[in-house]
Amino acid sequence: MIEALAKEGVKPDVICGCSIGAFVGAAAAAGDLDKLKTWVGSLKWNNVVSLMDISLRSGLIRGDRLMDFFERKFADRDFSELGIPFACVATDLRNGREVWLREGSVSDAVRASIALPGLLTPVVHDGRLLVDGGLVNPVPVSLCRAMGADVVIAVDLGSDLVGKTRKSVKAEGEETDEPGWAERFFSRFGIGGRSLEPVAPENDLPSLLTVMSTSINIMQVRVARSRLAGEPADVLITPRLGQLGPLDYHRGAEAIAEGAVAVEHAMHAIRYALDG
């Protein structure tokens, strides 16, 4: 999405991110966005599986392989070394406070910001136990303002996630309502399986992974709407991503395409905000 804005001549002065937005935002701030796009475009579902280090303790995935790979592909930097000022949001699991990460290792900060409860294990960072910032501030407009932004172009990735039946894509391009690769993979450990629809009989309820990810989506959508009502962005971009699951990294090209379409639809509002 940042790439789509750049093609329109819009370059951010600061970048703030939360959860997967922290991952992408860090790459953009470091000037590695093209490299990230190439990597995501080459991913297959089996490549994603290879990054999964199963834990089943405080989270289904430790996340060490993912971040080790991130550091190898996109060398870790200190925040002060980034080409564009960057910050990301995490949540203190002990007291529920919002934590702004702006100093030290970018990789460590991103790992904390993406620690989706139940999926990725929490991170101990500067004496605090941190998890995904989406629990408290999924669209961190307030952080952008605090970093000096006059015009905030926000991206809400959750606007289309609730109430939709996710589709998995077959090799020939057809869509199916069967469980996605993540549900099938985790079913080996007894925590994958059914999707939410159609409504299942009591003895065939949705999988733990489906219930957990959908519940978190509902919570983050509600929190985002509440925060945005009190801390509105100048422009809000809402790509339609309801067809993607939380671990569908191999479908990144679809997400990028949806982001480009959303930017195109928002360009009039963006121009008006910047000119005003």
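Residues numbered from 1 in each chain as written. Predicted model: local features only at pLDDT ≥ 70, side-chain atom pairs only at ≥ 80, totals over all residues. Heavy atoms only, no water.

### Quick word on the environment of Leu-157
For step 1, the next point in the chain: Secondary-structure assignment places Leu-157 in the loop between strand 8 (153–155) and strand 9 (168–169).
For step 2, the next point in the chain: Taking the C-alpha atoms as reference points, Leu-157 and Leu-241, separated by 84 residues in sequence, lie 7.0 Å from one another.
For step 3, the next point in the chain: The contacts of Leu-157, once residues within four sequence positions are left out, are Ile-20, Pro-239 and Leu-241. (Helix = DSSP H or I, 4+ residues; strand = E, 2+ residues; numbered from the N terminus. Contact = heavy atoms within 4.5 Å.)

### Considering the packing of helix 2 (residues 20–29) against helix 6 (residues 106–113)
For step 1, the next point in the chain: Direction vectors running N to C along helix 2 and helix 6 enclose 160 degrees, while the axes themselves pass 8 Å from each other. One way to sum up the angle between helix 2 and helix 6 is to call them roughly antiparallel. The hand of the helix 2/helix 6 crossing is right-handed. Between helix 2 and helix 6, the residues in contact are Ala-22, Phe-23 and Ala-26 and Val-106, Val-110 and Ser-113, respectively. (Axes fitted to C-alpha atoms, helices over the stretch in contact; angles between N-to-C directions. Parallel < 35°, antiparallel > 145°, perpendicular 65-115°, else oblique. Left-handed = near helix turned anticlockwise from the far one by under 90°.)

### Here we look at a nonpolar patch on the surface
For step 1, the next point in the chain: Residues Ile-20, Val-24, Val-155 and Leu-157 make up a contiguous nonpolar surface patch of about 250 Å² in total accessible area.
For step 2, the next point in the chain: The residue Ile-20 is located in helix 2 in this model. (Patch = residues over 30% accessible without salt bridge, like charges linked within 9 Å, V, L, I, M, F, W, Y side chains within 5 Å. Areas by Shrake-Rupley, 256 points an atom, 1.4 Å probe, with all protein chains shown as cover. Salt bridge = Lys/Arg side-chain N within 4 Å of Asp/Glu carboxyl O.)

### Quick notes on the confidence of the model for the protein chain
For step 1, the next point in the chain: Scored by pLDDT, the protein chain has a mean of 82; 81% of the residues are at 70 or more.
For step 2, the next point in the chain: Segment residues 165–178: pLDDT under 50, and 28 contacts once partners within four positions in sequence are set aside and those in other chains are kept. (pLDDT = per-residue confidence, 0-100.)

### Some points on the packing of helix 5 (residues 64–73) against helix 6
Each pair of packed helices gets described by two things: the angle between the helix axes and the distance between those axes.
For step 1, the next point in the chain: Across the interface, helix 5 lies against helix 6 with an axial gap of 11 Å and an inter-helix angle of 145 degrees. Considering only the axes of helix 5 and helix 6, their crossing is right-handed. Where helix 5 abuts helix 6, its residues Met-67, Phe-70 and Glu-71 lie against Ser-107, Val-110 and Arg-111.
For step 2, the next point in the chain: For the contact of helix 5 with helix 6, the residue count by class is three nonpolar, one polar and two charged. (Nonpolar A, V, L, I, M, F, W, Y, C, P; charged D, E, K, R; others polar.)

### A look at the packing of aromatic side chains
For step 1, the next point in the chain: Applying the stated rule across the entire model yields one aromatic pair.
For step 2, the next point in the chain: Measuring from centroid to centroid gives 5.8 Å for Phe-79 and Phe-86, while their planes differ by 10 degrees, and the two rings are stacked. Considered together, Phe-79 and Phe-86 belong to a single accessibility category, that of buried residues. (Phe/Tyr/Trp six-rings, centres within 6.5 Å; stacked < 30°, edge-to-face > 60°. Buried < 20%, exposed > 50% of the residue type's maximum accessible area, 1.4 Å probe, protein only.)

### Side note on the nonpolar core
For step 1, the next point in the chain: The biggest cluster of nonpolar side chains holds 42 residues, and the ones touching the most others in it are Trp-39, Phe-86, Leu-101, Val-106, Val-110 and Leu-119.
For step 2, the next point in the chain: Those elements that provide at least two residues to this core are helix 2, helix 3 (33–42), helix 5, strand 3 (86–92), strand 4 (98–101), helix 6, strand 5 (118–120) and helix 9 (208–230).
For step 3, the next point in the chain: Element by element, the count of residues in this core is highest for helix 2, at six residues.
For step 4, the next point in the chain: Listed in part, the 15 residues of the second largest apolar core include Val-14, Cys-18, Ala-149 and Ala-233. (Core = buried A, V, L, I, M, F, W, Y, C linked by side-chain atoms within 4.5 Å.)

### Observations regarding the pattern of salt bridges
Two side chains carrying opposite charge are able to pair once their charged atoms lie near each other.
For step 1, the next point in the chain: Going through the model one piece at a time under the given rule, you end up with eight salt bridges.
For step 2, the next point in the chain: With its nearest N and O atoms 2.8 Å apart, the salt bridge here joins Arg-251 to Glu-254.
For step 3, the next point in the chain: Several salt bridges converge on common partners, so that one network encompasses Glu-98, Arg-227 and Glu-231.

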